[in-house]
Amino acid sequence: MNNKCKIINRRKSDRIYVGKVAIGNNAPISVQSMTNTRTTNISKTINQILELQKVGVDIVRISIPNLKAAESFKEIKKQTNVPLIADIHFDYRLALQAIKYGADCLRINPGNIGNKRRVSEIISYAKDENIPIRIGVNAGSLEKDILKKYKIPTPDALVESAMRHIEYFDALNFNQFKVSVKASDVFLAIESYRMLGKKITQPLHIGITESGGLRNGTVKSSIGIALLLLEGIGDTIRVSLAAHPTEEVKVGYDILKVLSLRARGINFIACPTCSRQEFDVINTVNQLEKNLEDISTPIDVSIIGCVVNGIGESKIATLGLAGSHKKSAFYEDGVRQKEKIKNEEIIEKMEIKIRKKIDKLNNSKKNN
């Protein structure tokens, strides 16, 4: 994917590590998600983490609402190898337990943890184990005094909340942290991140919280996250959807892919179809996407139903197909091949050709 039209100058930020995943200071933007299983259901939670890993998740967050969940987290951590963030609210003791049980990072909202002594104890434990913390400010859970001051969540309110906790972390000489100022309102979130990004050098975790179901949430998250990324704001992302967590990861990578910030898997270029289509484009692309979900190597594949745009798109893709009557033209690296593919065999033949090309690309990288 060569996008020379837009160069995104990323905001300068400090570097922290969640497990072995680098965040900030121009590291690749990491994609996060969160399990939605009961943490106490250890096997189900582990299975979901494995599903998330298959689609490329970098970091997984797990909610720990009680001590039993903390004990379950201990076992989950032992049986997985992706960095895990422990999500803690209200009870600071759960944060201490999560650190003890091997959490790679904590996510806390200091506003609901309680007094400074409790936050201080969490920081002390995190220092000893050398793990980072995310200060997670959310428009839906601002401190009472800040809400009293601003009446409603505003960018100033979210940033004031964040800075209050950041200054306390600074006073305790703790700098291994990232920050988020999330809201379900796209404009509120964007302006809050813009303001905060100018005030601090720590990495920013970005996202539109509680964005909605798969369709609506994807639209809202894509607009909000993409606008911030285009301005260079954001070091790690989470797309929050009321859907299976794997969808969050897929959408996250799609956003990064479109912005040429990071690529994973196949980028299908496909027409919306019209009466000129010579084969069922929609079913073909949907089935190929499903069959090839395991592919992580970036590659552009053009599937166009007719020759109007099919030839042009095929010439700039790694592999391309331009629809024609009964048999469609096949392109590799921009060159039309002698072989034509029968339209009723496109799904089967294209999957074989794509996998063959992926193997060739991967072997070439190994040899170099």
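Use the structure listed above.
Read on for an overview of the structure. This is a predicted model, so every value here is computed, not measured.

### Here we look at helix 7 (residues 155–171)
Thought 1: Taking 1.5 Å as the rise per residue, helix 7 with 17 residues should run 24 Å; its terminal C-alpha atoms sit 24 Å apart, in good agreement.
Thought 2: Just downstream of helix 7 lies Asn173, where phi reads positive at about 60°.

### Remarks on the pairing of strand 3 (residues 30–34)
Thought 1: Burial of strand 3 is extensive: 5 of the 5 residues sit out of reach of the surface.
Thought 2: Neither face of strand 3 is exposed, since Ser30, Gln32 and Met34 on one face and Val31 and Ser33 on the opposite face are all buried.
Thought 3: Both strand 3 and strand 4 (residues 59–63) contribute to a ladder of 3 bridges, which runs parallel. Note on strand 4: the bridge partner recorded for Gln32 is Ile59.
Thought 4: With respect to chirality, the unit in which strand 3 leads through helix 1 (residues 42–54) into the neighbouring parallel strand 4 is right-handed.

### Focus: the sheet that holds strand 12 (residues 299–304)
Thought 1: What the 5 strands build is an open sheet, ordered 11-12-13-14-15; its pairing is mixed. Two strands bound the open sheet, and with one partner strand each, they are strand 11 (266–270) and strand 15 (335–342). Each neighbouring strand pair of the sheet contributes to a mean axis angle of 20°, computed without reference to strand direction.
Thought 2: When strand 14 (residues 327–332) meets strand 15, the two strands line up antiparallel, connected through 5 bridges. Of the residues in strand 15, the one forming a bridge with Glu332 is Val335.

So, how was this worked out
Residues numbered from 1 in each chain as written. Predicted model: local features only at pLDDT ≥ 70, side-chain atom pairs only at ≥ 80, totals over all residues. Heavy atoms only, no water. Helix = DSSP H or I, 4+ residues; strand = E, 2+ residues; numbered from the N terminus. Expected span 1.5 Å × (residues − 1). Buried < 20%, exposed > 50% of the residue type's maximum accessible area, 1.4 Å probe, protein only. Pairing = 2+ DSSP bridges. Right-handed = clockwise from strand over helix to strand, strands pointing away. Axes fitted to C-alpha atoms, helices over the stretch in contact; angles between N-to-C directions.

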